[in-house]
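If you want the building blocks of each chain, they are given just below.
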Amino acid sequence: MKRSVYTKYILFVFCLLAAACSGTRHLPSGEKLYTGAKVNLESADKLSFRKNQSVKKTAKEAFYPEANSSFLGMRFKLWRYMAAGDTAESKFKKWMKRTGEAPVLINNVKPMVTASVIDARLYNTGIFKSYTEYNIIEKKRTAKVLYTSHIHQPYKVKELNYAVRDSSLTHIILLEKEKSLIKPGEDYSLEKLKSERNRIDALLKNNGYFYFDPDFLLFKADTTETDKSIGFRLTLKDSVPQKALTAYRINNVYIDQAYSLNERALARVKDTLPFGNYLFLGKERSASIKPSVITRSVFLRKNELYARKNHTTTLNRLMSMGNFKFVSIKFTDSDTVAPGFLDVTILMTPIPKYAFKAELDVVSKSNNYSGPRMNFSLTDRNAFKGAEFLNFSVAGSWETQLSGKDKNLQSYSLNPKIEITIPRFVVPFNIKQTSSIYLPKTRFSLSYDYLKRGNFFDMRSLQFIYGFRWKEDIRKEHELNPVNISFTAVGNKSDAFLELLESNPFLKKSYEDQFIAGASYSFTYNEQVLTGKTIQTYFQLTTEVAGNAFSLANIIAGKKINAENPSFIAGYSYSQFARISLDGRAYYNFPNKEKFAVRAYAGLAKPFGNSEVLPYIKQFFSGGPNSIRAFSIHTLGPGTYNQSNDSIGFLRLGGDLKLELNAEYRFNIFRFLKGAVFADAGNVWLLKSNPSTMGSPFSLSSFASEMAVGAGFGLRIDVSFFLLRFDLAMPLRKPWLEENNRWVMDKINFASPSWRSDNLILNVAIGYPF
């Protein structure tokens, strides 16, 4: 009975709110608000459901203007605009006016013009004889337009013949005839005709026809009324210049790697320095990067046919070196006696050789630890005249716990690092140079990490990485680290820490001195770089193996590999494990720039051979700003285990397996302020082979009931180059509670200070969580 009363009350309030926010109350007398349009199709021909929807979508694209935005019938932006009044004097009313929407009145709509635009759009899709009528449907304060389009089956392509009068062009076009976008049996499409012209233009430009233009191509059509078909004949226009029909070759290639925009005005003449078939402008001592390094990325070569793909590859590879602010390529007709030659001038404006960066920020974590963090880095963009990036960096932080049992517990860290990146594959054998537009890179990295956990331990880590990064195309990226070696030593263990380790064998194993030598590989597929796609996907696969080479050497030497009695390298046991993780994401982009994002993550790691437990840094953790936001960082799991926020200070427990699901709806509030509602679910587990008895090991029959669930609301300050995120979340299911009592939605009590203190988690982070 009480629930029924609450429901009626909510419905009553909602109706009042909808009426108040309809936006029609303040309209001028006699005016009606335009609420949108609808289109109906009438056809004597039978259309499939898909074709019907496609035609409707084409017609709707002609609707203009757009009606005021609404949500559940409430026009908040219109209401803000109208409520501000005509003379908005206060700052608040000015803000309401600025962020609102002016009313779109039916008088602003020209349905006759829109009807003709609908017919024009349908004509471009093969519906050549459509006609559209309209009817304005009026109510007391609103009006909408109903369009009715009388259509027929679209004309279909019957054939495409080629009648290009130049035999050389015809030969090139016919070589890739099967790639034509105009296929018999498909609906006529003006957009496809334009795309086909551009495809042929790109084909010809890759075969030397530098001056060719897609406008020189002409499709002549022949329609048949009886079967609604259309045949095409591809020809050349009559007024095509001779230069456009000439295949050009490259003559001289000039390269200026110290070009300044001021030189255009000065028209300064520079010396030339020959290098192979290239001519470098300027004196040899002024060349900042070795000519051999520059020419590796230049694919425009003397006496070769001009090709647009070589032009694009050269531009992209020179820019991706990271040494130049601008790169441009100019082509001029060569002054040779024989026609059909181009001189090429590559102009590169360098950026400063050195870059220094200093960062200072204050970190506040959800586990009550706060403190300053500093990072200093110096980058030499051309360390050895081979466009190598040499980077020295030093980072340091100090944190202390502001509340809790371990109040004033402190932590210090110091992280020096040196890294060199070389713009090519550096391997001990010859490798064929690729013509990809993306420059492959080799990385050497040496880092040292010192970490002091007050009243617990000191940890020292030394790591060396040798690896490569390269792209297949704009979406696909690979990273391979064939050598990834690290050594971690834990010293100065306090009595309290030793006592903690003795009470937790799993944690003890995790904090043993570890020598890790292995290799890793990751593959990333990212469609977020493709703007304009309604649905974008992201996928990342990461794999890592370690210790196998040492174990093989020990087996060859006749030693037995046993985790209970591990083998040693240089006096330290080495870790042996395999690790894999999958990260999949999908983004649905709404026309109003709002977005729905989902993410699924799965990770699995298995120690074997010389190891019984994963190294601490290789375990999976759950909870925090980029994970399950309703739980403090790294406090979830393993399984049904309850990690009290203050039980082990800085230490957190990880797992061998991780599963997470996230969903988030992102919307605009105004300008740089964005909002989001989200839900997260996941946990980490230990495998049954793990000797630890903490929580419950992973089981297919029970893991779903052990997933933590949380939800919340977020605010994001987005200023294009920087996004600051505030996510407030609360748990909906706690996996450590008794199996039938894990859902805690019925215990939500925002009015209770103790409930808010125990359950509300504010996550502050930079960037989106996924």
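The residue numbers shown here count from 1 along each chain, following its written sequence. Under the rules for a predicted model, residues below a pLDDT of 70 receive no local features and side-chain atom pairs below 80 are neither given nor counted, while totals for whole chains, interfaces and linings still include all residues. Side-chain calculation: all heavy atoms of the structure are included, whereas hydrogens and water are not.

Concerning unusual backbone geometry
Condition: Helix numbering and strand numbering both begin at the N terminus, where a helix is a DSSP run of H or I of at least 4 residues and a strand a DSSP run of E of at least 2.
Following Y64, the chain continues into P65 via a peptide bond in cis, with omega recorded as -5°. By the element assignment, P65 lies in the loop between α2 (49-60) and α3 (76-84). For the peptide bond that leads from G637 to P638, omega is 0°, which places it in the cis range. Note on placement: P638 falls in the loop between β24 (595-607) and β25 (657-670).

Some details on the nonpolar core
Using the following cut-off: Side-chain atoms within 4.5 Å link the members of a nonpolar core, which is a set of buried Ala, Val, Leu, Ile, Met, Phe, Trp, Tyr and Cys residues. Exposure is judged per residue with a 1.4 Å probe applied to protein chains only, and the accessible area is read against the type maximum: over 50% gives exposed, under 20% gives buried, and values in between give partly exposed. Should any heavy atoms of two residues lie within 4.5 Å, those residues are considered in contact.
In terms of nonpolar packing, the biggest core is built from 27 residues, with L160, L169, L204, F212, F232, L234 and L236 touching the most fellow members. Of all the secondary structure elements, the ones that give two or more residues to this core are β4 (156-162), α6 (167-175), α7 (190-205), β5 (217-224) and β6 (229-236). Filtering out sequence-adjacent residues up to four positions away, F212 remains in contact with L169, D201, L204, K205, L217, L236 and A244. Within the second largest apolar cluster, 25 residues are counted, among which are M321, I329, L342 and I346.

Comments concerning the side chain of S461
As a reminder, the rule being used: Here a polar contact is recorded for every N or O atom pair within 3.5 Å, except that within protein the pair must consist of a potential hydrogen donor and a potential acceptor, and residues adjacent in sequence are included only if both atoms are side-chain atoms.
With respect to the secondary-structure elements, S461 resides in strand β17 (residues 457-471). Look at S461 and you get buried, because its relative accessible area is 17%. One polar contact links S461 to T488, side chain to side chain, over a distance of 3.3 Å. Leaving out residues up to four positions away in the same chain, S461 has contacts with S447, Y448, D449, F487 and T488.

As for the sheet that holds strand β2 (residues 131-138)
This is how it is decided: Pairing between two strands requires that DSSP report at least two bridges joining them. A fitted line through C-alpha atoms represents every axis, and for helices the fit uses only the stretch in contact; the resulting angles, taken between N-to-C directions, go from 0 to 180 degrees.
Read across the sheet, three strands follow the order β1-β3-β2 without closing on themselves; strand pairing throughout is mixed. Among the strands making up the open sheet, the edge pair consists of β1 (33-43) and β2. Between one strand axis and the next, the sheet turns by 20° as a mean value, whatever way the strands run. Summarising the sheet, β1 and strand β3 (residues 142-151) pair through nine bridges and their orientation is parallel. Across the sheet, the residue bridging to K38 is L146, located in β3. On top of the sheet, helix α5 (residues 111-123) reaches β2 and β3; it is set at about 35° to β3, its chief contact.

Purely spatial values, then, with no claim about function.
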